[in-house]
Amino acid sequence: MTAETAAVVRPARLAAWRRRETRWAYLFLLPWIVGFLVFTLGPMIASLVLSFTSYDVLSSPSFVGLDNYREVMSDPAVARSLGNTVFYTALHVPLAMTLSMGLALLLNRLGRRSSGFFRTVFYLPVMTPPVAVGVLFLLLLNGQTGLINAALGLFGVQGPNWTTDPAWIKPGIVILSLWSLGSTVVIYLAALRNVPEELYEAAKVDGTNARQRFRHVTLPQVSGAVFFTLIVNTIASLQMFTEVYTMYFGNKQTQSGSSDAALFYVIYLFQQAFQFLHMGYASSLAWLLFVVILVITVVQVRVAKRFVYYESENS
Amino acid sequence: MTALPDAGQLVALERTEESLAAAPPRPGRRGSSPLVRVGLGVLLTGLSVLFVYPFVWLVSASLKPRENVFDNSLLPHPVQVENFATVWQAAPLLRWIANSAFVGVAAALSVTLSSAIVAFGFAYFRFPARNALFGLVLGTMMLPAVVTLVPTYLVWHSLHLTNTQVPLWGQNLFGSAFYIFLLRQFFLSLPRELFDAARVDGCNYLGMFWRIALPLSKPALIITFIFELRASWTDLVKPLVYLQNPSLYTLPRGLKAVLDQFGQGGELKWEIVLAASVVATVPMIVVFLLAQRHFVEGIATTGRKG
């Protein structure tokens, strides 16, 4: 539109029209600009400033320099919760990605109608409120009466006390988390559907077997989706909160029993901020997690650069 | 806790439906034999049972008398429907459902409208710093929500709005990065001539947005609405941070309170906790099953238009 209009309108009028359009554009953008300043940029700066203070909301903050960060370094609960969170992430992410790829590969071999049905089934747990998921698995994972140990018993395996034995609490949470892998399955299925059929036919002509085709045709073609889910799942896992909090925290009696093995980083941050009102300390905890997430993401991006295949490199 | 996984789901659903709509059906693709296909069907059915059984177990256990809750039998015997009456008396469930519905609709409606307004600004106009600003929008998607949790609380606290439901949806009035991205993509796919014709007819920018862009973007608006509704309905973090008064609780927060009172470390009336869990779960499952058709229809329509 602009090119044609510009040719007939004189420069002065054009400039006025441009100014008018810019004003209107910023009017449309206004909600986001206000929201960005008040709920993103402002809070980030405030959070950074607060992390150098001691602040309990009731009295005004007092500057304490690097004290919060020194305490973060020596606080055993920080090390423990970070360890728990990284342990969970290291188990959950590869397992969820592998199982999702397996399910997506199976679905991809089906026709449209039946794959749609199974996809819906695998996606249903994603629609379930995480609190309900926590309640449900608290009972399914129960060591004495739970369904999971009953199922293991059918194979002659004596299942552990998933919800009370500190060594098994996190593996139990991983089982819970794998129930909700539906969105990763859906992403992989979408990527698999987009692999051009000709590539497989060409590979077949070259005399490749199914495994070679998966390794050299499928995997490079869906590597973009794999990379996306790696980043997204890692960031989400490092912020795991609701299911674990539902199962093991918020109730004084259960909290005392299993809280060490189930103390995830964001849960500890939440307790510091909203139970003990250590807003300054919680802010420094938030920034530490931000840096950890940033570093892990950057490493993943760097590594992925060598493996992710983009269509444009070829053309 | 983060905007990203939701974003992932959004991309996924959209892309899947799109590719499903575009790609021809591939029954038994790459020449699988009938035997392989039957085996595949059996395997997937078995896997589906793994995913569905926890739901079945939940519904079944919620209908059992207390002493039978842990018997793991598929069918409750005897059936005790009264659990659902008991939970109604034990907790203000109706109130929580109403709260969740109100907060969910307010959150979904406000984020859909505000994101559409902003998205139209990015899609239609040419202005200085547009790409830089749009990059900033995308950048905020990568920001872990935890970083702003404490200061955002302080913002609402300074406005004296903690222990009200406003913080549960108020931020949505200012648009949300992923939905802005999604809707902008959608607006860009609308033919420019439509807007030029409207301008000739004396339509101003507001009119173009309201009378042309919005009506033509129903599928994308519905997707945005449904996903935010789900996010709001299932969220525990915000109610946990902002609500102290039980009469303001949303369902997830209420369910957590029911669990703490009647479940582990409480009165051990698990049948009540399970009945409440069913009540919290069923509405979103129904919404999802109904909305799935909308996704397919919507994306298929736009596919034809493009």
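Along each chain, residues carry numbers from 1 onward, in the same order as the chain's sequence is written. For naming, the first written chain is A and the first written ligand is 1, with later ones following in the order written. Only residues with pLDDT of at least 70 are given local features in this predicted model, and only at 80 or more are side-chain atom pairs given and counted; all residues enter the totals for whole chains, interfaces and linings. Think of the side-chain values as coming from all heavy atoms in the structure, minus any hydrogens and water.

(A) Highlighting the interface of chain A and chain B. We call two residues contacting when some pair of their heavy atoms lies within 4.5 Å. Between chain A and chain B, the contact holds 103 residues from the first and 105 residues from the second. Both sides of the chain A and chain B interface together cover about 9700 Å² of buried area, and 75% of this is carbon and sulfur. The buried area of a pairing is the accessible area, by a 1.4 Å probe, that goes missing from both parts when the two are put together, added over both. Three residues stand out in chain A for area buried against chain B, namely A:Phe28, A:Trp32 and A:Phe39, and they jointly supply 9% of the buried area on that side. The salt bridge criterion pairs a side-chain nitrogen of Lys or Arg with a carboxyl oxygen of Asp or Glu, the two atoms within 4 Å. For the interface between chain A and chain B, the tally reads zero salt bridges. Two N or O atoms form a polar contact when they lie within 3.5 Å of each other; inside protein one atom must be a possible hydrogen donor and the other a possible acceptor, and for residues adjacent in sequence the pair counts only when both atoms belong to side chains. Put simply, chain A and chain B have eight residue pairs in polar contact (both at pLDDT 80 or more) between them. Secondary structure elements are defined from DSSP: runs of H or I of at least 4 residues count as helices, runs of E of at least 2 residues count as strands, and each element is numbered from the N terminus. At 22 residues, helix α2 (residues 11–50) of chain A tops the list of elements feeding residues into the side of chain A that touches chain B.

(B) Region of the structure containing the side chain of A:Asn68. All names here are of chain A. Among the structural elements, asparagine 68 can be located in helix α3 (residues 67–74). By relative accessible area, asparagine 68 is classed as buried at 7%. Filtering out sequence-adjacent residues up to four positions away, asparagine 68 remains in contact with Leu50, Ser51, Phe52, Thr53, Gly280, Tyr281 and Ser284. Remark: exposure states derive from per-residue accessible area (1.4 Å probe, protein chains only) relative to the maximum for the residue type, with buried under 20%, exposed over 50%, and partly exposed in between.

(C) Focus on the pattern of salt bridges. Here the structure, examined in full by the defined rule, presents six salt bridges over all chains. For A:Asp260, the salt bridge goes to A:Arg80, with nearest N and O atoms at 3.2 Å. In this pair, A:Asp260 is assigned in helix α13 (residues 252–262) and A:Arg80 in helix α4 (residues 76–108), connecting sequence segments 180 residues apart. The residue B:Arg66 makes a salt bridge to B:Glu271 at a minimum N-O spacing of 3.0 Å. Placement of the pair is B:Arg66 in the loop between α2 (34–62) and α3 (82–90) and B:Glu271 in helix α14 (residues 270–305), with a sequence separation of 205 residues. With a relative accessible area of 41%, B:Arg66 lands in the partly exposed category. For B:Glu271, a relative accessible area of 4% puts it in the buried group.

(D) Layout of the nonpolar core. What we call a nonpolar core is a set of buried Ala, Val, Leu, Ile, Met, Phe, Trp, Tyr and Cys residues that are connected through their side-chain atoms within 4.5 Å. Judged by nonpolar contacts, the single largest core of 182 residues is most densely connected at A:Phe122, A:Phe137, A:Val244, B:Phe120, B:Phe122, B:Phe125 and B:Phe187. Excluding its chain neighbours within four sequence positions, the residues that come into contact with B:Phe120 are A:Phe28, B:Phe125, B:Phe187, B:Phe195, B:Tyr205, B:Met208, B:Phe209 and B:Ala213. By size, the runner-up hydrophobic cluster in this structure holds five residues, among which are A:Met44, A:Trp287, A:Phe290 and B:Leu143.

(E) Seen up close, unusual backbone geometry. Residue and element names in this part refer to chain B. For the bond from histidine 77 to proline 78, the omega torsion is 0 degrees, close enough to zero to count as cis. Residue position: proline 78 is located in the loop between α2 and α3. Phi at asparagine 72 takes a positive value of approximately 60 degrees, unusual for a residue other than glycine. With respect to the helices and strands, the residue asparagine 72 is situated in the loop between α2 and α3. Even without being a glycine, asparagine 163 presents a positive backbone phi close to 60 degrees. A relative accessible area of 29% means that asparagine 163 is categorised as partly exposed.

(F) Here's a closer look at helix α11 (residues 218–234) of chain B. The length a helix should cover is 1.5 Å for every residue beyond the first. Here α11(B) is 17 residues long and its end C-alpha atoms lie 24 Å apart, about the 24 Å a rise of 1.5 Å per residue gives. For α11(B), a buried count of 14 out of 17 residues is recorded, marking the element as mostly surrounded by other parts of the structure.

(G) The arrangement of the confidence of the model for chain A in detail. pLDDT is a residue-level measure of predictor confidence that goes from 0 to 100. When pLDDT is averaged across chain A, the result is 89; 93% of the residues are at 70 or more. Taken element by element, chain A is modelled with least confidence in helix α16 (residues 311–314) of chain A, mean pLDDT 50, and with most confidence in strand β1 (residues 53–54) of chain A, mean pLDDT 96.

(H) Here's a closer look at the packing of helix α6 (residues 130–140) of chain A against α2(B). Where helices are involved, their axes are fitted lines through C-alpha atoms of the stretch in contact, as for all axes, and angles between N-to-C directions lie from 0 to 180°. One can describe the packing of α6(A) onto α2(B) by two numbers: an axis separation of 11 Å at closest approach and a directional angle of 85 degrees. Here α2(B) runs roughly perpendicular to α6(A), going by the angle between their axes. Residue-level contacts link A:Leu136, A:Leu139 and A:Leu140 of α6(A) to B:Pro54, B:Trp57 and B:Leu58 of α2(B). Class assignment for the residues of the contact of α6(A) with α2(B) results in six nonpolar, no polar and no charged. Small angles under 35 degrees read as roughly parallel and large ones over 145 as roughly antiparallel, with 65 to 115 read as roughly perpendicular and the rest as oblique. Residues are grouped as follows: nonpolar covers Ala, Val, Leu, Ile, Met, Phe, Trp, Tyr, Cys and Pro; charged covers Asp, Glu, Lys and Arg; every other residue, Gly included, is treated as polar.

(I) A look at the packing of aromatic side chains. Pairs were defined over the aromatic rings of Phe, Tyr and Trp, the Trp ring being its six-membered one, requiring ring centres within 6.5 Å. Orientation was assigned from the angle between planes: stacked under 30 degrees, edge-to-face over 60, tilted for the rest. Tallied over the full model, the rule gives 40 aromatic pairs over all chains. Seen from their ring centres, A:Phe117 and A:Phe118 are 5.3 Å apart, and the 70 degrees between their planes marks the pair as edge-to-face. A relative accessible area of 51% means that A:Phe117 is categorised as exposed. Between the aromatic rings of B:Phe120 and B:Phe125, the centroid separation amounts to 6.2 Å while the plane-to-plane angle is 90 degrees, which identifies the pairing as edge-to-face. By the burial criterion, B:Phe120 is buried, and B:Phe125 matches it. Chaining the aromatic ring pairs together yields one cluster made of A:Trp24, A:Phe28, B:Phe120, B:Tyr124, B:Phe125, B:Phe187, B:Phe195, B:Tyr205 and B:Phe209. Here, a charge over a ring means that NZ of Lys or CZ of Arg falls within 6 Å of the ring centre while also lying within 35 degrees of the ring normal. The lysine or arginine in question, B:Arg184, covers the ring of B:Phe134, its NZ or CZ lying 4.0 Å from the ring centre.

(J) Layout of the environment of B:Glu271. Residue and element names in this part refer to chain B. Separated by 29 residues in the primary sequence, glutamate 271 and tyrosine 242 have C-alpha atoms spaced 29 Å apart. The residues touching glutamate 271, leaving out its near neighbours within four places in the chain, are Ser62, Lys64, Arg66, Val69 and Asn83. Within the structure, glutamate 271 has its side chain in polar contact with the side chain of arginine 66 (distance 3.0 Å).

(K) Spotlight on α2(A). Between its first and last C-alpha atoms α2(A) spans 51 Å; for 40 residues at 1.5 Å apiece the expected length is 58 Å, and the helix comes up short by more than 12%. Note on bend: at a given residue it equals the angle between the axes fitted to the 7 residues ending there and to the 7 starting there. Along α2(A), the largest kink reaches about 55 degrees and is centred on A:Leu29; proline A:Pro31 follows within four residues of it.

(L) Focus on the packing of helix α14 (residues 265–275) of chain A against helix α6 (residues 146–158) of chain B. Running from amino to carboxyl end, α14(A) crosses α6(B) at an angle of 15 degrees, the nearest separation of the two axes being 11 Å. On the basis of their axis angle, the class for α14(A) and α6(B) is roughly parallel. For the pair α14(A) and α6(B), the crossing hand works out as right-handed. Contacts between α14(A) and α6(B) involve A:Val266, A:Leu269, A:Ala273 and A:Phe274 on the former and, on the latter, B:Val146, B:Leu149, B:Val150 and B:Tyr153. Class assignment for the residues of the contact of α14(A) with α6(B) results in eight nonpolar, no polar and no charged. Two helices cross in a left-handed way if the nearer one is turned anticlockwise from the farther one by less than a right angle. They cross in a right-handed way if the turn is clockwise.

(M) Layout of the side chain of A:Thr53. Residues and elements named next belong to chain A. With respect to the secondary-structure elements, threonine 53 resides in strand β1. Among the polar contacts listed, one links the side chain of threonine 53 to the backbone oxygen of leucine 50, at a separation of 2.7 Å. The contact partners of threonine 53, leaving out residues within four places of it in the chain, are Pro61, Ser62, Phe63, Val64, Asn68, Gly280 and Tyr281.

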